[in-house]
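# Residue-level structural notes
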Amino acid sequence: AAAVYTFLDRFWGGMPVALQASVVVALPLFLVAGMEVSARREGTLYVTLLLGLLAAAAFVIGTNVLAALLGVALPPEALLAWAAFCAALARAFQLKTLLAAALVALLGWAGTLAGPTDGCVWDAFGHRPETFLPLGALFFALPLASRRRFLEAFGPTFRTFGLVALLVPVLILGRAGNASFLALDPGTVEAGYQLLGFLLAALAVAAGVRRGWPEATGLGSAAFVLSLYLKIYDWWWTVLPRWVFFLVLGLVAVAALLVLRRLHAVARRAAP
């Protein structure tokens, strides 16, 4: 990747615009062709994955270069094109890493939505954590709602990013109620999302144990323990002596480890 970049950088200024555009369009296609050749010659798809990562990077860079050559600003909807490209490669070559890249791009696009009726703007990224929640729910439910082999095979990846897109925004909104779309008192919003965070984490753990999904059990447990630590801080940081406070944290940590060990054993027995 560094060699390709420095090679182009060395000769880029001397190329006519038409040749520059041709290079950035042809490079990802050339790398995709290399992926096809590599996938037919190897069983591990290791080289195929490396070429796929280069192809995705070349596609992202190419769209930025083309926008610059045309003198237009690259809109956030470009993230949808990047997601589609990565998802197509993941589907064609069964590559989980590229699927993860596609899901990250989709979440990035959702993060640029400033409001329910506003247009996409880069500066709005992350200002409204609730924009991630619909995609998180969709990612988590998609393998369950569809019987397509592709979705079932990549179920852990969808569930992982779905839970992250659900639990992290809820955790943030439980501490920053003024970032919510809800026209309520920030304190009320924070209390509601804190309760929702505990509920979602508990449901994720229960689903993970019942269905043998270690990613759901792990993420749900981590979110539950983190939410519990934050509440302990809210309740007792200013009340208890420091040594008592940290002693309580230590006891909670030991209890959490014992519970997680038990859940891990149950999840292993439930795994198909």
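What counts and what doesn't
Residues numbered from 1 in each chain as written. Predicted model: local features only at pLDDT ≥ 70, side-chain atom pairs only at ≥ 80, totals over all residues. Heavy atoms only, no water. Core = buried A, V, L, I, M, F, W, Y, C linked by side-chain atoms within 4.5 Å. Buried < 20%, exposed > 50% of the residue type's maximum accessible area, 1.4 Å probe, protein only. Helix = DSSP H or I, 4+ residues; strand = E, 2+ residues; numbered from the N terminus. Contact = heavy atoms within 4.5 Å. Axes fitted to C-alpha atoms, helices over the stretch in contact; angles between N-to-C directions. Parallel < 35°, antiparallel > 145°, perpendicular 65-115°, else oblique. Left-handed = near helix turned anticlockwise from the far one by under 90°. Nonpolar A, V, L, I, M, F, W, Y, C, P; charged D, E, K, R; others polar. Salt bridge = Lys/Arg side-chain N within 4 Å of Asp/Glu carboxyl O.

## Section: the nonpolar core
In this structure, M35, L89, L98, L99 and F158 are the most contacted members of the largest nonpolar core, which totals 30 residues. If you list the elements that add at least two residues to this core, you get α2 (17–41), α3 (46–70), α4 (78–93), α5 (96–111), α6 (133–145), α7 (149–153) and α8 (155–173). Top element by residues in this core is α4. It accounts for nine residues. Other than its neighbours up to four places away in sequence, M35 contacts T48, L51, G52, A55, L89, F93, L95 and L98.

## Overview of the environment of R210
Tracing the chain through its elements places R210 in helix α9 (residues 186–211). Sequence separation of R210 and V254 is 44 residues, and the distance between their C-alpha atoms is 24 Å.

## Describing the packing of α6 against α8
Between α6 and α8, whose axes approach to 7 Å, the crossing angle comes to 150 degrees. In this view, α6 runs roughly antiparallel relative to α8, as classed from their interaxial angle. Once α6 is placed against α8, the crossing between them reads as left-handed. Residues L133, G136, A137, F139, F140, L142 and P143 of α6 touch α8, and the partners they reach there are G155, F158, R159, F161, G162, L163, A165, L166, P169 and V170. Within the contact of α6 with α8, the residues separate by chemical class into 13 nonpolar, three polar and one charged.

## Considerations on the packing of α2 against α3
Across the interface, α2 lies against α3 with an axial gap of 9 Å and an inter-helix angle of 165 degrees. Judged by the angle between their axes, α2 and α3 are roughly antiparallel. The interaxial crossing formed by α2 with α3 has left-handed handedness. Among the residues making up the contact of α2 with α3, the classes are represented as 19 nonpolar, six polar and no charged.

## Considering the pattern of salt bridges
Note on pairing: side chains with opposite charge can pair once their charged atoms come close. Counted by the stated rule, this structure contains four salt bridges. Taking the shortest distance from any N to any O, the salt bridge between E215 and R159 comes out at 2.6 Å. Pair noted here: E215 is in helix α10 (residues 214–236) and R159 is in helix α8, with a separation of 56 residues, a long-range link. For R159, a relative accessible area of 8% puts it in the buried group. The salt bridge partner of R175 is D234, with a shortest N-O separation of 2.6 Å. A residue pair is termed long-range when its members are at least 10 positions apart, and R175 in the loop between α8 and α9 and D234 in helix α10 qualify at 59 residues. Residues joined in a network through salt bridges with shared partners are R175, K231 and D234.

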